[in-house]
Amino acid sequence: MEVKIEASWKEALAAEFDKPYFAELVRTLYAEKAAGKTIFPPGGAIFRAFELTPLPQVKAVILGQDPYHGPGQAMGLSFSVPDGVPAPPSLKNIFREIHDDLGITMSGRPNLEKWARQGVLLLNSYLTVRSGEPASHRAIGWQTFTDAVIRTISDRCEGVVFLLWGNPAKSKAPLIDPGRHHILMAAHPSPLAGGAFFGCRHFSKTNEILRGEGKSPIDWQL
């Protein structure tokens, strides 16, 4: 089946698009839309993370769970919302940790496209969600697809930093070759984690690792 996705990812994931689970996933999305369900992000943004961060450019991966389920929030990048939309609580905590870690005063601008264009794949485990129903698409096939994405990065790239926040993200660690890549794990930045995310220093650690790999560090300033 034809899927509109950035060319390097399309080639690398071609086998996934031809599998029965992916065809069923697409049928589910169409059926829900036909039934009047609102799905986020909009169709053209579902693969936005791949568009902004082609496979050969991936230097780091920040793994979220599923898109924001409120109107106007989801834009196809984990933790990111469009300009003009208030930063959700998890993103505010990410900005606080960047300030504490690097001494950077963040602007509060919630659009993380700048990170994506520098090689940070902002990937959610599930790429769609029904309006007002968090994790509503966790069982329709996206998990299988994003597992394949992570394995593809592990197999085809070198020296990528995987930032795994929270238990669902940490469960992806077995998909990553630790001999070729770097895995940083911490609590989720959600306020529900009771502040356990703070002090992880993942942003300075990521840049230290990238420099050690001979790669340019990420400019986290927004």
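Before reading further, recall that the structure is shown in the block above.
Structure report, in brief. Per chain, residue numbering runs from 1 following the sequence as it is written. Where totals are concerned, whole chains, interfaces and linings use all residues; where local detail is concerned, this predicted model gives features only for residues with pLDDT of at least 70, and gives and counts side-chain atom pairs only at 80 or more. In computing side-chain values, all of the structure's heavy atoms are included and hydrogens and water are not.

What follows concerns the pairing of strand E3 (residues 120–124). In this scheme, a residue with accessible area under 20% of its type's maximum is buried, one over 50% is exposed, and one in between is partly exposed, where area comes from a 1.4 Å probe on protein chains only. Labels follow the DSSP assignment, with helices taken as runs of H or I lasting at least four residues and strands as runs of E lasting at least two, numbered in each case from the N terminus. Burial within E3 is extensive, with five of its five residues counted as buried. For strand E2 (residues 60–64) and E3, the ladder comprises five bridges, and the chain directions are parallel. Note on E3: the bridge partner recorded for Leu63 is Leu123. By the convention used here, strands pair only if DSSP detects at least 2 bridges between them.

A few words now on helix H3 (residues 20–34). Helix span, as expected, comes to 1.5 Å for every residue beyond the first. Taking 1.5 Å per residue as the helical rise, H3 with its 15 residues ought to reach 21 Å, and the 21 Å between its terminal C-alpha atoms agrees with that figure. Taken as a whole, H3 has its buried residues at Tyr21, Phe22, Leu25, Val26, Leu29 and Glu32. Summarising the axial view, the buried residues of H3 lie within an arc of 140°, below the 170-degree limit, and thus occupy one face. Away from its buried face by more than 90 degrees, H3 exposes Pro20, Tyr30 and Ala34. Contact criterion: two residues are considered in contact whenever any of their non-hydrogen atoms come within 4.5 Å of each other. Residues of H3 that are buried sit in contact with helix H2 (14–17), strand E1 (39–40), strand E4 (129–130) and helix H7 (142–156). Downstream of H3 by a residue or two, Gly36 has a phi angle that is positive, lying close to 90°. What the arc measures is the spread of directions leading from the helix axis to the C-beta atoms.

Two elements in contact, H3 and H7, have axes whose closest approach is 9 Å; the angle formed by their N-to-C orientations is 130°. Put simply, H3 runs oblique to H7. Relative to H7, the crossing made by H3 is left-handed. Note on element contacts: H7 touches H3 through Trp142, Thr144 and Phe145, opposite Tyr21, Phe22, Leu25 and Leu29. Residues were grouped as follows: Ala, Val, Leu, Ile, Met, Phe, Trp, Tyr, Cys and Pro as nonpolar; Asp, Glu, Lys and Arg as charged; and all remaining residues, including Gly, as polar. Tallied by class, residues from the contact of H3 with H7 come to six nonpolar, one polar and no charged. Every axis in this analysis is a line fitted to C-alpha atoms, fitted for helices over the stretch in contact. Angles between the N-to-C directions lie between 0 and 180 degrees. Between 65 and 115 degrees an angle is taken as roughly perpendicular, under 35 as roughly parallel, over 145 as roughly antiparallel, and anywhere else as oblique. By definition, turning the near helix anticlockwise from the far helix through less than a right angle yields a left-handed crossing, and turning it clockwise yields a right-handed one.

Where helix H5 (residues 89–102) meets helix H9 (residues 202–212), the closest approach of the two axes is 8 Å, and the angle between their N-to-C directions is 60°. By the angle between their directions, the pair H5 and H9 is classed as oblique. Residues Ile94, Glu97, Ile98, Asp101 and Leu102 of H5 form the contact with H9, whose own contacting residues are His202, Phe203 and Ser204. Per-class residue counts for the contact of H5 with H9 are four nonpolar, two polar and two charged.

Grouping buried Ala, Val, Leu, Ile, Met, Phe, Trp, Tyr and Cys residues that are joined through side-chain atoms within 4.5 Å yields what is termed a nonpolar core. Counting residues in each nonpolar core, the largest one holds 72 residues, and the members touching the most others are Trp115, Trp142, Phe145 and Ile153. The contacts of Phe145, once residues within four sequence positions are left out, are Leu13, Glu16, Phe17, Tyr21, Phe22, Phe47, Phe50 and Leu127.

Our focus in this paragraph is unusual backbone geometry. In the segment running from Phe40 into Pro41, the intervening peptide bond is cis, with an omega of -5°. As for its position among the elements, Pro41 is in the loop between E1 and helix H4 (48–52). Of note in the backbone geometry, Ala135 takes a positive phi value of approximately 60° without being a glycine. With respect to the secondary-structure elements, Ala135 resides in the loop between E4 and H7.

One side-chain nitrogen of Lys or Arg within 4 Å of one carboxyl oxygen of Asp or Glu is enough to make a salt bridge. In the structure shown here, the tally under the stated rule is 14 salt bridges. Among the salt bridges present, the one from Arg48 reaches Glu51, with a minimum N-O distance of 2.8 Å. Here Arg48 pairs with Glu51, and both are found in helix H4, just three residues apart, close to one helical turn. Judged by relative accessible area, Arg48 falls into the buried class, the value being 17%.

A few words on the environment of Thr53. Within the secondary structure, Thr53 sits in the loop between H4 and E2. Between the C-alpha atoms of Thr53 and Val120, which are 67 residues apart in sequence, the distance is 6.8 Å. Ignoring any residue separated from it by four or fewer positions in sequence, one finds Thr53 in contact with Trp9, Val58, Ala116, Gly119, Val120 and Leu121.

Right, let's get into the sheet that holds E2. Here four strands make up an open sheet; going across it, the order is E3-E2-E5-E6 and the pairing parallel. Whereas interior strands pair on both sides, the edge strands pair on one side only; in this sheet they are E3 and strand E6 (182–186). Neighbour-to-neighbour, the strand axes of the sheet open up by a mean angle of 20°, direction not taken into account. Where H7 meets the sheet, it contacts E2, E3 and strand E5 (161–165), and its direction lies at approximately 155° from that of E3.

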